[in-house]
Amino acid sequence: MKYIDLEAQYKSIKYSLDKTLLNTAKGGKYILGKQVVKLEEKVAALIQTKYAVGLNSGTDALFLSLKAMAIGHGDEVITTPFSFVATAEVIATAGAKPVFVDINPRTFNIDPAKIKRAITKRSKVIMPVHLYGQMADMDAIIKIAKKHKLFVIEDAAQAIGATQKYQVSSSKYLVRKAGSAGNIGCFSFFPTKNLGAYGDGGMITTNYERLAEKIRMLRNHGSKKKYQHDFLGFSSRLDELQAAILLAKLPHLKKWNKARQKIAAYYTKNLAGIEALTTPFIEAGDEHIFHQYTIRTKERDKLRAFLSTRDIPTSIHYPLPLHLQPALKYLNYKLGDFPEAELAAKEVLSLPLYPELKISDQNKIINAVISFYRNQ
Ligand SMILES: *Cc1c(COP(=O)(O)O)cnc(C)c1O
């Protein structure tokens, strides 16, 4: 069994992918052509923002967002210690200081109740991560950001298509998409993400014209007009071939996310009886798109080893919280600073889950987990 099977997805839409790959090759325009523009329009429509800008990677989406907001030396950015390294890495490479806030142990997302204590005069941005495909509590985060005049950059790398219900008045609710709640949303098209390219790719979404325009120029050496550079930027464009692949895949995203949700519900239904294991918690009003299906259990390492003997691969997202990473040692955090993130790192286990995962494999996984606990 594979943890994720990208070939199965290719085979399922081979015809349209082959055609678009060949047409792009024949087209002779490989950087900043029509496909990127078209994808930007489609993603902006999907996320319900005015603008989208295609970039080299999700990491660059986060980094250029900070750059566009002129975040750098002397500034602090509040984020979660329980994420992929890129989230904190970009804050540091932009010259600012990552300030961590512990997570809510049920959702694994940043705990808004703990953000206030982390705010200082130097705070400029809150950067929540929508971990595993479920949105952080954006209502609470936006409220804090407004009060303290902070920007919000959403790391939505794992959450393209996730939604959240929010209250607009005493009786009125609306639904918002991940990437449309803050000032900027950041997406990754890394091959294993819910919408994956055949290489690196990323995008930002925003309703702010000034930020979109700035990032559009930052990705292309600070240039709007050929060989005129208004400021210094970077080389961070999404290329035409990746955009073409993503355009062919995008119409399937909704169906794929639904397939993920269906498998997740099947796992949860069948594993719910095991007391020593916690299945993913879904906040009321949230649409979780299950980039990962992550359980937690005190017997994590033993369960993982057992599943491995049954040819079931698993992953740990993430084994070491960011505040304890060697690369961020200079921030002087220590063990015990964020107990929820530290405990989660010891207990989480992601099971195989992708839209094409066969029902026979799903049953094999469920049966193996059940038999592990029966013999405990
Ligand atoms: C994948 C990911 C990123 C980085 O995206 P890349 O496209 O790989 O650069 C950032 N944050 C989170 C939470 C991610 O999962």
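Refer to the structure printed above.
Since we're looking at a predicted model, the values are computed, not measured. (Residues numbered from 1 in each chain as written. Predicted model: local features only at pLDDT ≥ 70, side-chain atom pairs only at ≥ 80, totals over all residues. Heavy atoms only, no water.)

S.K.: Looking at this model, I keep getting lost on the site of the ligand. Mind explaining?
M.R.: The immediate surroundings of the ligand are formed by 15 residues, with Gly-58, Thr-59, Asp-155, Ser-188 and Lys-193 found nearest. Between the ligand and the protein, one listed contact pairs an oxygen atom with a backbone N or O atom of Gly-58 at 2.8 Å. At 3.1 Å from an oxygen atom of the ligand is found a side-chain nitrogen or oxygen belonging to Lys-193. Here the ligand, which alone exposes 380 Å², has 93% of that area covered by the protein. The site holding the ligand turns out to be the largest pocket. Residue assignment for the shell around the ligand shows that the elements contributing at least two residues are helix H4 (58–68) and helix H5 (86–93). Grouping the constituent residues of the shell around the ligand by class yields five nonpolar, eight polar and two charged. (Near = heavy atom within 4 Å. Polar contact = N/O pair within 3.5 Å; in protein donor to acceptor, adjacent residues only side chain to side chain. Areas by Shrake-Rupley, 256 points an atom, 1.4 Å probe, with all protein chains shown as cover. 1 Å grid on protein atoms, 1.4 Å probe; cavity = no way out; pocket = protein on both sides within 12 Å on 5 of 7 lines; lining within 4 Å. Sits in = over half its atoms within 2 Å of the grid points. Helix = DSSP H or I, 4+ residues; strand = E, 2+ residues; numbered from the N terminus. Nonpolar A, V, L, I, M, F, W, Y, C, P; charged D, E, K, R; others polar.)

S.K.: Help me out: how do you make sense of unusual backbone geometry in this one?
M.R.: What is expected of a backbone is that most residues other than glycine have negative phi and most peptide bonds are trans. Note the cis peptide between His-317 and Tyr-318, where omega equals 10°. A positive phi angle, near 65°, is found at Tyr-132, a position not held by glycine. Note on placement: Tyr-132 falls in the loop between strand E4 (123–127) and helix H6 (138–147). Residue classification places Tyr-132 among the buried residues on the basis of a relative accessible area of 4%. You will see that His-221, though not glycine, has its phi angle at about 60°, which is positive. Assignment of secondary structure puts His-221 in the loop between helix H7 (209–218) and strand E10 (223–225). (Buried < 20%, exposed > 50% of the residue type's maximum accessible area, 1.4 Å probe, protein only.)

S.K.: Please clarify how the pattern of salt bridges should be interpreted in this entry.
M.R.: A pair can form between side chains of opposite charge whenever their charged atoms are brought close. Tallied over the full model, the rule gives 14 salt bridges. We note a salt bridge from Arg-219 to Glu-40, for which the minimum N-O separation is 2.9 Å. A residue pair is termed long-range when its members are at least 10 positions apart, and Arg-219 in the loop between H7 and E10 and Glu-40 in helix H3 (residues 34–47) qualify at 179 residues. The buried category is assigned to Glu-40, whose relative accessible area is 6%. Salt bridges linked by common partners bring Glu-40, Arg-216 and Arg-219 together as one network. (Salt bridge = Lys/Arg side-chain N within 4 Å of Asp/Glu carboxyl O.)

S.K.: Help me understand helix H11 (residues 339–347) in this model?
M.R.: Helical geometry: 3.6 residues make up each α-helical turn, so side chains three or four residues apart lie on a common side. Taken together, the buried positions of H11 are occupied by Ala-341, Glu-342, Ala-344, Ala-345 and Glu-347. Packed against the buried residues of H11 are strand E14 (293–297), helix H10 (300–309) and strand E15 (348–351). (Contact = heavy atoms within 4.5 Å.)

S.K.: Which parts of the structure should I look at to understand the layout of surface pockets?
M.R.: Any empty space left between the atoms is revealed when a probe the size of a water molecule rolls over them. Approximately 480 Å³ is the volume attributed to the largest pocket. As for the largest pocket, its lining consists of 30 residues, and the residues nearest its centre are Phe-84, Gln-158, Phe-190, Thr-192 and Lys-193. Of all the elements in the fold, those that place two or more residues in the lining of the largest pocket are H4 and H5. Broken down by element, the lining of the largest pocket gets its largest block of residues, three residues, from H4. For the lining of the largest pocket, the class distribution of residues is 13 nonpolar, 13 polar and four charged. Roughly 300 Å³ of volume is contained in the second largest pocket. Lining the second largest pocket are 16 residues; nearest its centre among them are Ile-142, Lys-146, Ala-181, Gly-182 and Tyr-208. Sorting the residues of the lining of the second largest pocket by element identifies H6 and strand E6 (163–167) as the ones contributing at least two each. (Points joined across faces, edges and corners; volume = space filled by probe spheres on them.)

S.K.: I tried to follow the sheet that holds strand E7 (residues 173–177) on my own but got confused; where do I start?
M.R.: Strand pairing in a sheet takes place through backbone hydrogen bonds and is either antiparallel or parallel in direction. Strand order in the open sheet formed by three strands is E7-E6-E13, with antiparallel pairing between adjacent strands. Across the chains shown, the open sheet's two edge strands, defined by having one partner strand only, are E7 and strand E13 (286–287). (Pairing = 2+ DSSP bridges.)

S.K.: Is there a simple way to think about the pairing of strand E2 (residues 76–79) in this case?
M.R.: Side chains on a regular strand alternate between the two faces of the sheet. Here E2 shows no split at all, with Glu-76 and Ile-78 on one side and Val-77 and Thr-79 on the other all buried. Note that E2 and strand E3 (residues 97–100) share four bridges and pair parallel. Looking at the pairing, Ile-78 lines up with Val-99 of E3. Where E2 meets E4, four bridges bridge the pair, whose relative direction is parallel. Pairing of Glu-76 across the sheet is with Ser-123, part of E4.

S.K.: Teacher, can you tell me more about the side chain of Arg-296 here?
M.R.: Relative to the helices and strands, Arg-296 is located in strand E14. Within the local environment of Arg-296, its side chain forms a polar contact with the backbone oxygen of Pro-105, the two atoms lying 3.1 Å apart.

S.K.: In this structure, what is going on with the environment of Ile-263? I would like to understand it.
M.R.: Within the secondary structure layout, Ile-263 lies in helix H9 (residues 253–271). Note on Ile-263: relative accessible area 4%, which makes it buried. Note: C-alpha distance between Ile-263 and Ala-136 (127 residues apart in sequence) is 22 Å.

S.K.: Whenever I open this one, the sheet that holds strand E12 (residues 277–278) confuses me. Can you help?
M.R.: Taken in spatial order, the three strands of this open sheet run E12-E14-E15, and their pairing is antiparallel. With one partner strand each, in any of the chains shown, E12 and E15 form the two edges of the open sheet. Bridging between E14 and E15 involves four bridges; their strand directions are antiparallel. Among the inter-strand pairings, Tyr-293 is bridged to a residue of E15, identified as Leu-351. Across the face of the sheet, H9 comes into contact with E12, E14 and E15 while running at roughly 20° to E14. (Axes fitted to C-alpha atoms, helices over the stretch in contact; angles between N-to-C directions.)

The quantities given are spatial measurements derived from coordinates; they are silent on function.
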